[in-house]
Amino acid sequence: MTNDLSRRSFILRAGTSISAVWLSTHWPAILSAAEHAHAAAKSSAPAKLAFFSADQAKEIDAITARIIPTDDLPGAHEAGAVYFIDRALTTFAKDSQKVYQDGLVEWQSRVQELFPSLQMFSAGTPEQQDKILHSLEHPAAPGRGRGRPTPNGQSFFETVRTHTIVAFLIDPDDGGNGNDAGWKVIGREREHVFQPPFGYYDKEYAGWQPNPPETAKGKA
Amino acid sequence: MRPDLPKYKTSDDVDFVIVGSGAAGGILAKELSTNGFRVVVLEQGPYLTEVDFTHNEIKVLNENLLTNHPELQPNTFRKTPDEKAKPQRAVLYGRVVGGTSVHFTANFWRFHEIDFIERSKIGPISGTGFTDWPITYADLEPYYTKVEWEIGVSGLAGASPFDPPRSKPYPMPPLPVKSSGVIFEQAARKLGWHPFPAPMAILSQPRPGRSACVNCGFCLAFGCEVGAKSSSLAAAIHVAENTGRCEIRPNSYVHRIEIDSRGRATGATYFDAKRTVHMQKAKAVIVCANGSETPRLLLLSANKQFPNGLANSSGLVGKYLMLNSGAVSMGVFEHPLNDYKGFAVSRIFHDFYELDSQKVGFYGGGGLDARFDVTPIGFAMGFLPPGTPRWGKGFKDALHHNYTRTMEIFCHGTSLPLETNSFSLDPDLKDAWGLPALRLTYKDHPDDLKLATWMNARALELLDAAGAKQKWSFPIQEQQFAVHLLGTCRMGTDPKTSVINTDHRTHDVKNLFLCDGSSLVTSGRGQPTMTIEALAFRAADRITALAKRGDFQA
C-alpha cells in the first residue's frame, strides 16, 4: 500500500485508507450517524449518546476540538463530530469500539502523567491539551505522499483524527458536517451546479487564442 | 428507465455473448445489436443508473459502489515472478454496468501515429516486448471520429500542433476553461510550449436524454448524475437495449468460457446474484472484461484441450501488462481557483509526446494536464503540502487556505511492455466465489521511472513560471496498484507472439474474440480509453463482416 505510484489510484485509496481505519460496509448507518451529528449540532438540547458516557463524550469532543479547533470559523465541535463518532461506534464502526475503549483508558493515564492535577483532558487549557495530544500523536512519517495510507495501526490518536476529518468534511447533503462547518472552512459552496467563471484566474480569461504554428515534434 | 428487455433464455443460442459492459463491451453491444444480431451482455456488477449515483465520497470510494470490492475479490502483488505474492489490493476497475467508463476522468486523447509504429522508428529496446501494432493510426482514424461523434467528445480540432490528422472536427466545442487551465495555458506558453483545450468525453452541449456538464465537480471516481459524462452506460448501453435485440444481464460473474470438442466456444458460464451457476449459449463469445479480468477468464477456462488457458498457445495471456507511467506535482496560488467546480481537466499539452531518447537518455513520451480531482476528505487526508501540521490550528488554516487555491499538474506517459509484468491466477488466494484471485506482478522499466521524473521536472518548471506560491511533488515510485490495464492479450499477426489477430479474434479459437485494454500493443501516452473505444467500433465492423459470411462455423 505504501509504494503506490499511480496518482489515479491514490485518489481512490485516500478513501480506501479511511476504510482500513474504520469504515465498514453499512452506509445507511453512516448517514444515520451523520444526520444525528447534524441534528445534535443544530440543537441546543443535549443529544442522546449511544456509545460514550457523558464524560467520555466530553473528552472526545475536546480532542476533536483540538484536531480541528474553533476560531473565527467553526471547528469540529460546531460540526458535531463527537455525535457522528458516537453513533458510528454503535453501528458501522463497531470494529473500532476497542480502539476507543482502550484508548480512553490510556488517555486518562497520560493526562494524569503529564498533568497530575488535571482530572480530565477537557478541563485543561488549550496548551495543556495540545501537549497531551503531541505525546500521543502517531509519529508523522516524513515525506508522506500519494499512496501513503493513514497509519492504520488503529492507534487511538490516528483513529480519532481520521474520524474527525470524515465527520467534518463529508457531504452535508448526506447529513454530515453539521452546520456545513467543514465546507465553510474549506470554502466549498453547497451547490451541485456551477457556471463559469469558477475562480479568480478564469474570470479575466480573454478567450482561446491559437498557438503559433509549430512543426518540430519533441522539444527535448 | 430500462426498456422492456428481450429476456433470452440461457439455452437460446444467441449470436453473441459479450462479457463485460464497459468502454469496449458497451460499444460492441450497441454496434452488434444495431447490426441485427442477438446479443447478451453479462456484467458482473449491478445495473445502476443516473438516479443511483451520488456525490458521497464515502459510499463511492470507501464502499466501492462502482468498483471491484477488495474483500469479495482480493488480489495479491509481487514485483517479480520469483517472489511469492502477498495479499494486497492491487487492481481497481469499474464493476457496474458501464464498467470503468462510469467513473473515469474522461480524458479522451487519440493515440498519435507514432504510437502504432514506434518500434520501427526507434528500433528495439533490449529486454522488452516493444513492438509495432499490426494496424496503423490510419486504420483507426475513422473509428476515433466515430467515438467522438457517437459517444460525445468535446474539444477543438487543430488546437494542438502535435495532433494527428483527423477526418472531421469534434462534434461539440471544448468545455469551459478552469482557473487551473488558465494558469497552465499562460505558463506553458511562457515556456514555449503549446497548450490546448483538453478533449474530454463530457458533453459541452446537451444531447437527447443527456445533459451538458453542470460542473458539479464530482467526475473522477463518480458516476455522472446528469448523463454528461460519455460513459458506455450513458452513450451506448441504452442504444443497444433500444434495438430490442440486446439484453444487459447484470450481477452475472462469468468464470468460464465453454469449449466443445471441436475447440469452438459454445457460451459463457457465470454465477448470478445468488451464486447459482448458468451457462449462456452463444454462436460466438466476445470478452471485454478489462485488461485484468479478460486474461484471468482465459486462464480460468483452461481444459484438456487448452491446459495453459484458453487462447494461450503463445503463453502470453496476461503478460506484457502496461500501467502507464505518471507523476503529479501540486501548486498553491495566491487567489482562489475554486477548481473543485467543474470536470477535472481543461488544458493539456503534448510537446513531449515524442522525446528524443538520444537527447534525454531514455525511451518515452507523454502529456501534461492541469487539473483538480480530489474530494474534500481526500484533500484533507493527503493533499496538503509536506510539513503541514496534521492537526490543530495549522492544519485547519492550511485546509482553509489551500483547498480553493490548489491545482495539480498530472504527467502521463508511456510504459514499456515487459513479459514479466502480468496478471495471473494466484495459486493460493481465492475470491468469495472460490475462484483463484488475480495476482499482479509488476516492476516498472527503469525508463518509465526516468520519464516520470523528467516530466515531473517540467511540471515544476511550469508551476514556477505560473508564479505558484508553493509547490511540491508526490514521490515517484515503482507501481504496485493497477488502474490502466493494458496489453495483456496483445494484438498481432503472429500466433507465437500475440493472442488476438487484427479482427480481435483469438488465434486459437475461431469464434472467441477479445476487445478491451488487453488488446493494446503499446501503452500510448497515458489516456487509453479513447483508443479502446475506437478499437471496439472497429472490432464491431470486423466481427459483423465475419458473422455475415458465416465465418464462425468450424
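Residues numbered from 1 in each chain as written. Chains lettered and ligands numbered in written order. Predicted model: local features only at pLDDT ≥ 70, side-chain atom pairs only at ≥ 80, totals over all residues. Heavy atoms only, no water.

A. Layout of the environment of Arg166(B). All names here are of chain B. Residue placement: Arg 166 occurs in the loop between α4 (137-152) and α5 (179-190). Taking the C-alpha atoms as reference points, Arg 166 and Val 521, separated by 355 residues in sequence, lie 22 Å from one another. Setting aside anything within four residues of it in sequence, one finds Arg 166 in contact with Arg 110, Glu 141, Glu 148 and Ala 157. Polar contacts involving the side chain of Arg 166 include one to the side chain of Glu 148, which spans 2.9 Å. (Helix = DSSP H or I, 4+ residues; strand = E, 2+ residues; numbered from the N terminus. Contact = heavy atoms within 4.5 Å. Polar contact = N/O pair within 3.5 Å; in protein donor to acceptor, adjacent residues only side chain to side chain.)

B. Region of the structure containing the nonpolar core. Phe16(B), Leu28(B) and Leu512(B) are the most contacted members of the largest nonpolar core, which totals 114 residues. It is helix α12 (residues 529-548) of chain B that provides the largest number of residues to this core, a total of 11 residues. When residues no more than four places from it in sequence are discounted, the contact partners of Leu28(B) are Ile18(B), Ser33(B), Ile286(B), Cys288(B), Cys515(B), Ala536(B), Ala539(B), Ala540(B) and Ile543(B). Ranked by size, the runner-up nonpolar core spans 62 residues in total, among them Ile63(A), Phe121(A), Val185(A) and Leu399(B). (Core = buried A, V, L, I, M, F, W, Y, C linked by side-chain atoms within 4.5 Å. Buried < 20%, exposed > 50% of the residue type's maximum accessible area, 1.4 Å probe, protein only.)

C. Broad picture of the packing of aromatic side chains. Residue and element names in this part refer to chain B. Taken as a whole and judged by the stated rule, the model has 30 aromatic pairs over all chains. Considering the side-chain rings of Tyr 253 and Trp 433, the 4.6 Å spacing of their centres and the 75° angle between planes classify their relative orientation as edge-to-face. Of this pair, Tyr 253 sits in strand β7 (residues 253-259) while Trp 433 sits in the loop between β14 (422-430) and β15 (436-441), and the two are 180 residues apart along the sequence. What makes Tyr 253 buried here is its relative accessible area of 4%. Arranged with centres 4.9 Å apart and planes meeting at 85°, the rings of Phe 352 and Trp 454 form a pair that is edge-to-face. (Phe/Tyr/Trp six-rings, centres within 6.5 Å; stacked < 30°, edge-to-face > 60°.)

D. Structural view of the packing of helix α3 (residues 54-67) of chain A against helix α7 (residues 156-169) of chain A. Residue and element names in this part refer to chain A. With their axes 10 Å apart at the nearest point, α3 and α7 run at an angle of 75° to one another. Looking at the two axes, α3 sits roughly perpendicular to α7. Facing α3, whose interface residues are Ile 60, Ile 63, Thr 64 and Ile 67, α7 presents Phe 156, Phe 157, Val 160, Arg 161 and Thr 164. Tallied by class, the residues present in the contact of α3 with α7 amount to six nonpolar, two polar and one charged. (Axes fitted to C-alpha atoms, helices over the stretch in contact; angles between N-to-C directions. Parallel < 35°, antiparallel > 145°, perpendicular 65-115°, else oblique. Nonpolar A, V, L, I, M, F, W, Y, C, P; charged D, E, K, R; others polar.)

E. How the structure looks around the sheet that holds strand β12 (residues 366-371) of chain B. Residue and element names in this part refer to chain B. Strand order in the open sheet made by the six strands is β5-β11-β12-β13-β10-β16, with antiparallel pairing throughout. Pairing within the sheet leaves two strands with one partner each, and these edge strands are β5 (195-197) and β16 (470-473). Adjacent strand axes in the sheet meet at a mean angle of 25°, parallel and antiparallel pairs treated alike. Pairing geometry for strand β11 (residues 345-349) and β12, over four bridges, is antiparallel. Opposite Phe 349, over in β12, you have Leu 368 as the bridge partner. (Pairing = 2+ DSSP bridges.)

F. How the structure looks around the sheet that holds strand β4 (residues 86-87) of chain B. Residue and element names in this part refer to chain B. Taken in spatial order, the four strands line up as β4-β3-β15-β14 in an open sheet, and their pairing is mixed. Each edge of the open sheet is held by one strand with a lone partner, namely β4 and β14. Relative to β15, strand β3 (residues 75-78) is paired through four bridges, and the arrangement is parallel. Residue Asn 75 lies in a different strand from β15, and its bridge partner there is Leu 438. Set on the sheet, helix α7 (residues 293-300) makes contact with β14 and β15; between it and β14 the angle comes to about 60°.

By themselves these figures say nothing about function.
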